[in-house]
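# Observations on chain architecture
In case you want the letters, here they are:
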Amino acid sequence: MTTQNTDRHDGQRDEDQRLHVVHEAGATGIFDAHHPPADERIADCVHCGFCLPTCPTYQLWGEEMDSPRGRIYLMKLGKEGAVEMDDTYTQHFDACLGCLACVTACPSGVRYDELIEAVRPQLERHHRRSLPDRLFRELIFQMMPYPSRLRVAAVFGALYERVGGHKLLARAGVLRLLPRRLQALEELMPPARLSTLVRSLPKVIPARGTPTRMRVGMLTGCVQRVFFSDVNAATARVLAREGCDVVVPSQPCCGALSEHAGREEEALERARKLIDAFEGTGVQAIVVNVAGCGSTMKEYGRLLRDDPRYAEKAAGFSAKVRDVSEFLAELDPVAPRHPIEARVAYHDACHLGHGQGIRAEPRAVLRTIPGLKVADIPEAEICCGSAGIYNLTMPEAGAELGRRKIANVVSVLPDALATANPGCLLQIRRYLPEDLPMFHPIELIDASIRGIDPIRAGRGRHGDGDGAGTPPADVAPRVAGGGHGARTAEPGTFDQPPTFEQRPSEGN
């Protein structure tokens, strides 16, 4: 299968280069009639090639059909009925990370995000995957969106880590015999502390130290609330110190993972339940500290546009959603910050930078910390390889992108790394040097407000905070559950107790 390669780089829309779809009126080719990729969206692509340098899979393989414009051409062929929806066709879309870097790069305003989100449900409805693929994907979706199930898995994971399971299995040669997907699952296993698995946030956390300025809701997430509960606690503390009453209703999965994987009905049902969970809370904003979740929640109005009961409610819900850095950038800070003298590399999570267009805000919020220097990393637009479940379903590509990201991180000689998505934290943790700690940006804000320096407390390589270290010569996968830096730093464990009591968790 071939396509013309014009490689235009003059940024001009040439009508002759538009990918016009040729078919009879109402025909949808290999797709069904339920929201197939729109002809007008396909036609927006002028095949210029500006997307190619930012596309991770094109950078890895140099294959035209694994680039955004190549996949759009495949959509055109699909609408015309000129191809079959077979394994080869499906694989080109499965290989897409959905990072949306091409949306940022495109001078023609091509909405590749809407196109890929239209194609994936079609594939899930009409293409029958192999049995091992179906079973593996079902394993993921029967586990990750359910915090109660994740907690059970976390108990076994904590015991596995405690007995040195990875080293034992590696020494016995068992790990290398596993399918690559299961190896990736084992490597990505998040570290867990049993003491945090049974705690969750109070239903309402009142503003502290200042009159109430706003009443906000807070998403707790699935993986986030189980494996990164300290990030949620830090988020709630910061919001309260900035004058917000924080409402934390019992809530289900937001549906982001399902939406990104094309499991449309599942995603929509979860969206409805989350809207119901926040209904009647009287919140003025819904604050999210997970980039992938926030990106999907801001799209609820579009996703539920066909639902007469939820269309209006979904649009109103989406209008309230704010990433925590976006929210804090809009809210003049009132809580004093204390210095953290360090150089922090900031990694743009794709669904925050490309999906939501939020790039300046996290950096601006971090720079409210006295003494903190924020360093941008090379190839910031290239995905780290996490991309929802991508590093599990496409483990080789995910691993290569992970190593590439870490090489760029260590090149700026940071004292720590900050990024705003648990998937990125788990992916990067696999390859990060042992003495380089990771944080969600809100953890650093929380630590600064509370007068704690978590970077100095855990500093290994740099010592004096001037970044005068030497990057490692080799970026190799870390041992799962390894030493320092194997989990995000925990400001709440440095000298001072949390400022509110956490309660026993509720299963979902």
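Scroll up to find the structure.
I will try to describe carefully the structure that is included in this document. This structure is a prediction, so every number in the text was calculated from the model and none was measured.

### Observations regarding the layout of surface pockets
Approximately 1,100 Å³ is the volume found for the largest pocket. If you go around the largest pocket, you meet 50 residues; those closest to its centre are Met 144, Pro 190, Val 223, Leu 392 and Leu 426. Top contributing element to the lining of the largest pocket by residue count: helix 8 (residues 147-162), with 6 residues. Looking at the lining of the largest pocket residue by residue, the classes come out as 37 nonpolar, 12 polar and 1 charged. Considered as a void within the structure, the second largest pocket measures approximately 330 Å³ in volume.

### A short note on the sheet that holds strand 2 (residues 204-205)
One open sheet holds the 5 strands; their spatial order is 2-4-3-5-6, and the pairing between them is mixed. In the strand order of this sheet, the two ends are held by strand 2 and strand 6 (321-323), each with one partner. Note that strand 3 (residues 214-218) and strand 5 (residues 285-288) share 3 bridges and pair parallel. Paired with Met 218 across the strands is Val 287, a residue of strand 5.

### Comments concerning the environment of Ser 386
Tracing the chain through its elements places Ser 386 in the loop between strand 8 (372-376) and helix 21 (390-393). Ser 386 gets classed as buried once you look at its relative accessible area, which sits at 3%. If near-sequence neighbours (up to four positions away) are discounted, Ser 386 is found in contact with Asn 391, Gly 423, Cys 424 and Gln 427.

### Focus: unusual backbone geometry
Backbone geometry at His 47 places phi at a positive 65°, although glycine is not the residue there. With respect to the helices, strands and loops of the structure, His 47 is situated in the loop between helix 1 (39-43) and helix 2 (56-61).

### Observations regarding the pairing of strand 3
The buried fraction of strand 3 amounts to 4 of the 5 residues, a majority that puts the element mostly inside the structure. In this structure, strand 3 lies alongside strand 4 (residues 244-247), joined through 4 bridges in parallel fashion. When the bridges of strand 4 are listed, Met 214 appears paired with Cys 244.

### Considerations on the packing of helix 3 (residues 68-80) against helix 6 (residues 112-126)
Between helix 3 and helix 6, the shortest axis-to-axis distance is 11 Å and the interhelical angle comes to 50°. Taken together, helix 3 and helix 6 sit at an angle that is classed as oblique. Note on packing geometry: the crossing formed by helix 3 with helix 6 is left-handed. In this structure, helix 3 contributes Pro 68, Arg 71, Ile 72 and Met 75 to the contact, and helix 6 contributes Tyr 112, Leu 115, Ile 116 and Val 119. Its residues assigned to classes, the contact of helix 3 with helix 6 comprises 7 nonpolar, no polar and 1 charged.

### Considering a nonpolar patch on the surface
On the surface, Val 152, Val 155, Phe 156, Leu 159 and Leu 194 cluster together into a nonpolar patch covering about 440 Å² of accessible area. Locating Phe 156 in the fold gives a position in helix 8.

### Quick look at the side chain of Gln 427
Along the polypeptide, Gln 427 turns up in helix 23 (residues 422-429). Within polar-contact distance, the side chain of Gln 427 engages the side chain of Asn 391 at 3.1 Å. Residues within four places of Gln 427 in sequence aside, it is in contact with Leu 188, Cys 384, Gly 385, Ser 386, Asn 391, Gly 398 and Gly 402.

### Topic: helix 22 (residues 395-410)
Residues three or four positions apart in an α-helix share a direction because the helix packs 3.6 residues into each turn. With 16 residues, helix 22 should reach 22 Å at 1.5 Å per residue; the first-to-last C-alpha distance of 22 Å fits that figure. Buried residues of helix 22: Pro 395, Ala 397, Gly 398, Ala 399, Leu 401, Gly 402, Lys 405, Ile 406, Asn 408, Val 409 and Val 410, and no others. Buried-residue contacts for helix 22 involve helix 2, helix 10 (180-187), strand 7 (342-347), helix 21, strand 9 (416-419) and helix 23.

### Some words on the side chain of Thr 90
Here Thr 90 shows up in helix 4 (residues 87-94). Overall, Thr 90 belongs to the buried group, its relative accessible area being 2%. Among all residues touching Thr 90, those that are not within four sequence positions of it are Met 85, Leu 123, His 127 and Arg 129.

### What about the pattern of salt bridges?
One pass over the full model with this rule turns up 37 salt bridges. Among the salt bridges present, the one from Asp 66 reaches Arg 71, with a minimum N-O distance of 3.5 Å. For Asp 66, a relative accessible area of 8% corresponds to the buried category. Note on Arg 71: relative accessible area 1%, which makes it buried.

Cut-offs used in this document
- Residues numbered from 1 in each chain as written.
- Predicted model: local features only at pLDDT ≥ 70, side-chain atom pairs only at ≥ 80, totals over all residues.
- Heavy atoms only, no water.
- 1 Å grid on protein atoms, 1.4 Å probe; cavity = no way out; pocket = protein on both sides within 12 Å on 5 of 7 lines; lining within 4 Å.
- Points joined across faces, edges and corners; volume = space filled by probe spheres on them.
- Helix = DSSP H or I, 4+ residues; strand = E, 2+ residues; numbered from the N terminus.
- Nonpolar A, V, L, I, M, F, W, Y, C, P; charged D, E, K, R; others polar.
- Pairing = 2+ DSSP bridges.
- Buried < 20%, exposed > 50% of the residue type's maximum accessible area, 1.4 Å probe, protein only.
- Contact = heavy atoms within 4.5 Å.
- Axes fitted to C-alpha atoms, helices over the stretch in contact; angles between N-to-C directions.
- Parallel < 35°, antiparallel > 145°, perpendicular 65-115°, else oblique.
- Left-handed = near helix turned anticlockwise from the far one by under 90°.
- Patch = residues over 30% accessible without salt bridge, like charges linked within 9 Å, V, L, I, M, F, W, Y side chains within 5 Å.
- Areas by Shrake-Rupley, 256 points an atom, 1.4 Å probe, with all protein chains shown as cover.
- Salt bridge = Lys/Arg side-chain N within 4 Å of Asp/Glu carboxyl O.
- Polar contact = N/O pair within 3.5 Å; in protein donor to acceptor, adjacent residues only side chain to side chain.
- Expected span 1.5 Å × (residues − 1).

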